[in-house]
Amino acid sequence: MRYISTRGAAPVLTFAEAMMTGLARDGGLYVPETVPQFTAEEIAALAGQPYEEVAFRVMKPFCGDSFTDAELKGAISRAYAGFGHAARAPMVQLAPNHFLLELFHGPTLAFKDFAMQVIGQLFQIALAKADKRITIVGATSGDTGSAAIEAFRGLENVDVFILFPHGRVSEVQRRQMTTPVEANVHALALEGDFDDCQGKLKDMFNHFEFRDEVGLAGVNSINFARVLAQIVYFFASAVALGAPHRKVSFTVPTGNFGDIFAGFLAKEMGLPIERLVIATNQNDILDRCIKQGAYEKKGVKPSISPSMDIEVSSNFERALFWAYGKDGAAISALMTELNETGRFTVSDNAMGALLAQYDSGMIDEEGTLAVISRTLKDSAELLCPHSAVGVGVAEAALAKAPEVPMITLATAHPAKFPDAVEKASGIRPPLPPRMADLFERDERVTRVPNDLAALEALIQERRRK
Ligand SMILES: *Cc1c(COP(=O)(O)O)cnc(C)c1O
């Protein structure tokens, strides 16, 4: 299995190389050259299997020779051992034909744990084999950072630096990043918003001298290994509702487009998915793009679903790569245009390809609170604000096609966003007992300016040599 860049001008890599590299050297994102195909029989055979077994069967064909079966199985089993639910990704029913896939039972209470825990294990295996050290730098709107720190804390060959927008993450999110005591963990509060954090990260990756010197590796959702681990729960949940014998649709609360792109790949592999519905909050650049055919930046407005407060939706580049018939030069031109003018128009052909896969919808702040309160009344489920955006958009999509089961991804635990949840429902959701002392732990964080040279100097100084 070979991995190519969406911009067509970076070295072709193996799975393990693509995982350790993160962003491609031409600025693009790695994708598999061909997508493995599952027959209806292979999909049907996933029914009733433990989550870990489904994960092994779905991930294996993407890994090529990078890991042995025993290594991959071991990594998967260690990754999910710390989850607080035996089913890993349990499903509950919200309404007739509407199901909620709970992806928040991992150590940091958001779906990011599903992928991050696996890649922590895979990095450890690959680095030990190669006798190498790396520096992981991540940008986060809140949940990626805590998931990465949780996955890499204390690992021998890794230093972790996480950039988050100062003052723009929830207190639970911040404390999950600032309270780990391991010396290889560094939480950096950047003066700026999430797009600034992501921009600085991209700048570091494009500064090849620095990149090579510190052994820079990325674990943001641009890392293909993360997308891969997220394909698994699309299979597991669809099969639980009758796939491949019956089609299902998914609604995905979306920011960086990693999660929903995993759903697209599941469909490409042969999983019968009817619609993939993009759900956005008031930062609706993706919804506008699907409806109007132009991707246009307008500035990010902080919301009560902060993990979706994004304008540069990195993984959308992967969706465009497929929509443009895998034309790397065309993607490169679009991204240059976005950089220079803050917008681009999607060609008619590519728009047709996107509309064949995706629907979209937006729920504003008031609407999000209303969905939380209504869902609690109607179905006794307390949703986090991100999941509520998903549920609100899914309800509209389901009304259009009531015969197809709709699975909405619940991306975080309500206790991660207690202020918004309490405002909507009157209930302040408690943290699960295993992290109940989070508010008593000491915090360790460094304020940093939105400045590349200063950041690079800090990382150079702090990393273990
Ligand atoms: C990261 C995140 C999202 C957005 O997922 P993408 O893969 O970036 O689209 C949605 N909800 C929560 C809670 C998240 O942490």
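Higher on the page you've got the structure.
Below, the structure is looked at part by part. What you see is a predicted model; the values in this text were computed from it and never measured.

Moving on, we come to the overall build of the chain. When helices and strands are tallied, the chain shows 19 helices and 15 strands. What you see for the chain is a C-alpha radius of gyration of 20 Å, in line with the 23 Å of a compact globule of 465 residues. Sorting the 465 residues of the chain into buried and exposed places 63% on the buried side. In the chain, the proportion of contacts linking residues at least 24 apart, taken out of those at least 6 apart, comes to 75%.

Within strand β7 (residues 185-190), six of the six residues are buried, which leaves it mostly tucked inside the rest of the structure. Here six bridges tie strand β6 (residues 158-165) to β7, and the two strands are oriented parallel to one another. Its bridge partner lying in β7, L163 is registered against L188. Read from β6 through helix α7 (residues 171-178) to β7, the crossover connection turns out right-handed. Inspection of the sheet shows β7 paired to strand β15 (residues 446-448) by three bridges, in the parallel sense. By the bridge assignment, L190 is partnered in β15 with V448.

The subject of this paragraph is the site of the ligand. What surrounds the ligand is a group of 15 residues, the closest being K112, D143, G255, N256 and T411. Measuring from an oxygen atom of the ligand, one finds a side-chain N or O atom of K112 at 2.6 Å. Between G258 and the ligand, the recorded distance is 3.2 Å, taken from a backbone N or O atom to an oxygen atom. When the ligand is considered free in solution it has 380 Å² of accessible area, and contact with the protein chains removes 98% of it. Classifying every residue of the shell around the ligand by side-chain character gives five nonpolar, seven polar and three charged.

Glancing now at helix α3 (residues 51-63). Taking 1.5 Å per residue as the helical rise, α3 with its 13 residues ought to reach 18 Å, and the 18 Å between its terminal C-alpha atoms agrees with that figure. Looking at α3, one finds that the buried residues are Y51, E52, V54, A55, F56, V58, M59, F62 and C63.

Another point: the layout of surface pockets. The method is simple in principle: a probe with the dimensions of a water molecule rolls over the atoms, and the space it marks as empty is what remains. The space that makes up the largest pocket amounts to roughly 510 Å³. Forming the walls of the largest pocket are 21 residues, and the residues nearest its centre are G199, K202, V312, L338 and N339. Those elements that place two or more of their residues in the lining of the largest pocket are α8 (194-206), α13 (316-323) and α14 (328-341). Broken down by element, the lining of the largest pocket gets its largest block of residues, seven residues, from α8. In terms of residue class, the lining of the largest pocket is built from seven nonpolar, seven polar and seven charged.

Reading the values: rules and limits
Residues numbered from 1 in each chain as written. Predicted model: local features only at pLDDT ≥ 70, side-chain atom pairs only at ≥ 80, totals over all residues. Heavy atoms only, no water. Helix = DSSP H or I, 4+ residues; strand = E, 2+ residues; numbered from the N terminus. Rg over C-alpha atoms; globule rule 2.2 N^0.38 Å. Buried < 20%, exposed > 50% of the residue type's maximum accessible area, 1.4 Å probe, protein only. Contact = heavy atoms within 4.5 Å. Pairing = 2+ DSSP bridges. Right-handed = clockwise from strand over helix to strand, strands pointing away. Near = heavy atom within 4 Å. Polar contact = N/O pair within 3.5 Å; in protein donor to acceptor, adjacent residues only side chain to side chain. Areas by Shrake-Rupley, 256 points an atom, 1.4 Å probe, with all protein chains shown as cover. Nonpolar A, V, L, I, M, F, W, Y, C, P; charged D, E, K, R; others polar. Expected span 1.5 Å × (residues − 1). 1 Å grid on protein atoms, 1.4 Å probe; cavity = no way out; pocket = protein on both sides within 12 Å on 5 of 7 lines; lining within 4 Å. Points joined across faces, edges and corners; volume = space filled by probe spheres on them.

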